[in-house]
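Geometric and topological summary
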Amino acid sequence: MDLAIIESLKKSLETGKKCVLCTIIDEEGSTPRSVGSKMLVWEDGSIVGTIGGGVLEYHIIQEALRLFREDKTTALYSEEFTATEADDPKAACGGKTTVFLELIGRKKELIIFGAGHVGKAIARVASFLNYSVTLWDEREEFANPDNVPWAQTIACPLDEAFERYLSFHKLTHVVVVTRGHSLDTEVIRNLDGKTACYIGVIGSKRKIAVMKENLLKMGVSKELVDRLYAPIGLPIKAETPEEIAISVMAEIIAVDNGANVKGLRQPLDV
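Residues numbered from 1 in each chain as written. Predicted model: local features only at pLDDT ≥ 70, side-chain atom pairs only at ≥ 80, totals over all residues. Heavy atoms only, no water.

1. Regarding the sheet that holds strand β8 (residues 152–154)
- Overall, parallel pairing links the five strands, which are arranged β8-β7-β6-β9-β10 in an open sheet. The open sheet has two edge strands, β8 and β10 (198–201), and neither has a second partner. Pairs of neighbouring strands in the sheet enclose a mean axial angle of 15°, with direction left out of account.
- In this fold helix α8 (residues 241–256) packs onto β6 (109–113), β9 (172–176) and β10, with an angle of close to 150° to the strand it touches most, β9. (Pairing = 2+ DSSP bridges. Helix = DSSP H or I, 4+ residues; strand = E, 2+ residues; numbered from the N terminus. Axes fitted to C-alpha atoms, helices over the stretch in contact; angles between N-to-C directions. Contact = heavy atoms within 4.5 Å.)

As structure tokens, then:
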């Protein structure tokens, strides 16, 4: 890989700036660049490196910008391009190039509401799995970097957290494990209308049933209530905070990977 691309990619990862890595993965006939040629594209359309210039490169930049606009959750896009005289007489090389585009720089994010034993354990496991973790609790003695060094911690009133500190996107996962039933309900109420690919809530089946009924009475959308993963986690008979953390993160991984989560959530017989 070109040294300039390596250095630019490293800088983007360190600063959290998103970019699209474009790589030629297949070629047929006469093409301007060979398999393995790479180019980086940023949100303003600027580039480092080249995959051949001309019509092909223009098309690839447009596809990269489309990835930014649509905020693809998979961060992957593949397209086949052909340079012909009909496109551009100067690019009439008579070949075909296939390019792979990968959105880089945005990690999967986990927002945990509740910094008690379970929330703390989930933060630790999620950090190990390379999720960007944010942990909220209104109690500063719980939500602080000394107590939870594996996550960004936020200690403030709930409304303030939503207004000032938290953002939601298609790679956001939410886990609700606060100190009490009423606070869990208030968190879910604030999540209505927010973008997230997973929202899980801890609690017994009876508690969850009551919570859902109350949420609907409060005017929370049925769409949100119906897509809650509750009770949270895969049914592995977890008891300790650490075991619960494993069951929760296993469920999140299953959701991210498109596994049969409904089948995995079936209660164990023994």
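2. Describing the packing of helix α4 (residues 158–165) against helix α5 (residues 181–191)
- Axis separation between α4 and α5 bottoms out at 10 Å; the angle between their running directions is 30°. With respect to α5, the axis of α4 lies roughly parallel. Relative to α5, the crossing made by α4 is right-handed. Across the interface between the two elements, Leu158, Asp159 and Phe162 of α4 pack against Leu183, Glu186, Val187, Asn190 and Leu191 of α5. (Parallel < 35°, antiparallel > 145°, perpendicular 65-115°, else oblique. Left-handed = near helix turned anticlockwise from the far one by under 90°.)

3. Considering the pattern of salt bridges
- Evaluation of the coordinates by the stated rule reveals 11 salt bridges.
- Of the charged contacts in the structure, one is a salt bridge between arginine 66 and glutamate 63, with a shortest N-O distance of 3.2 Å. Residue arginine 66 and its partner glutamate 63 are located together in helix α2 (residues 54–70), separated by three residues, close to a single helical turn.
- A salt bridge links aspartate 256 to lysine 108, with the nearest nitrogen and oxygen atoms 3.5 Å apart. Residue aspartate 256 is found in helix α8, and its partner lysine 108 is found in the loop between β5 (96–104) and β6; the two are separated by 148 residues along the sequence.
- We classify aspartate 256 as partly exposed; its relative accessible area is 25%. (Salt bridge = Lys/Arg side-chain N within 4 Å of Asp/Glu carboxyl O. Buried < 20%, exposed > 50% of the residue type's maximum accessible area, 1.4 Å probe, protein only.)

4. Quick word on the environment of threonine 97
- With respect to the helices, strands and loops of the structure, threonine 97 is situated in strand β5.
- Residues threonine 97 and arginine 33, spaced 64 residues apart in sequence, show a C-alpha to C-alpha distance of 8.7 Å.

5. Focus on the confidence of the model for the chain
- Summary statistics for the chain give a mean pLDDT of 86 and a share of 87% for residues scoring 70 or more.
- Counting contacts from residues 73–79, a segment whose pLDDT is below 50, to residues more than four positions away or on other chains yields 19 contacts.
- Here residues 81–86 is a poorly scored stretch, pLDDT under 50, and it has 16 contacts once near neighbours within four places are set aside; other chains count. (pLDDT = per-residue confidence, 0-100.)

6. Notes on helix α6 (residues 205–217)
- An ideal rise of 1.5 Å per residue puts 18 Å on 13 residues; α6 measures up with 19 Å between its terminal C-alpha atoms.
- Among the residues of α6, Ile208, Met211 and Leu215 are the ones counted as buried. Projected down its long axis, α6 carries its buried residues within an arc of 60°, all on one side. Residues of α6 that are exposed and point more than 90 degrees away from the buried face comprise Arg206 and Lys217.
- Looking at the packing, one finds that the buried side of α6 touches α5, β10 and α7 (222–226). (Expected span 1.5 Å × (residues − 1). Arc of directions from axis to C-beta.)

7. What about the packing of aromatic side chains?
- All told, the structure shown has four aromatic pairs when counted by the stated rule.
- Centroid distance phenylalanine 113 to tryptophan 136: 5.9 Å. Interplanar angle 55°. Geometry classified as tilted. Residue phenylalanine 113 is found in strand β6, and its partner tryptophan 136 is found in strand β7 (residues 132–136); the two are separated by 23 residues along the sequence.
- Classification of phenylalanine 113 by relative accessible area gives buried; the value is 0%.
- According to the relative accessible area criterion, tryptophan 136 is buried, its value standing at 1%.
- Arranged with centres 5.9 Å apart and planes meeting at 15°, the rings of phenylalanine 162 and phenylalanine 168 form a pair that is stacked. The same class applies to phenylalanine 162 as to phenylalanine 168, namely buried.
- An aromatic cluster is built from Phe113, Trp136, Phe162 and Phe168, whose rings are joined through pairwise contacts.
- Over the ring of phenylalanine 142 we find arginine 139; its NZ or CZ atom is 3.9 Å from the centre of that ring. (Phe/Tyr/Trp six-rings, centres within 6.5 Å; stacked < 30°, edge-to-face > 60°. Lys NZ or Arg CZ within 6 Å of the ring centre and 35° of its normal.)

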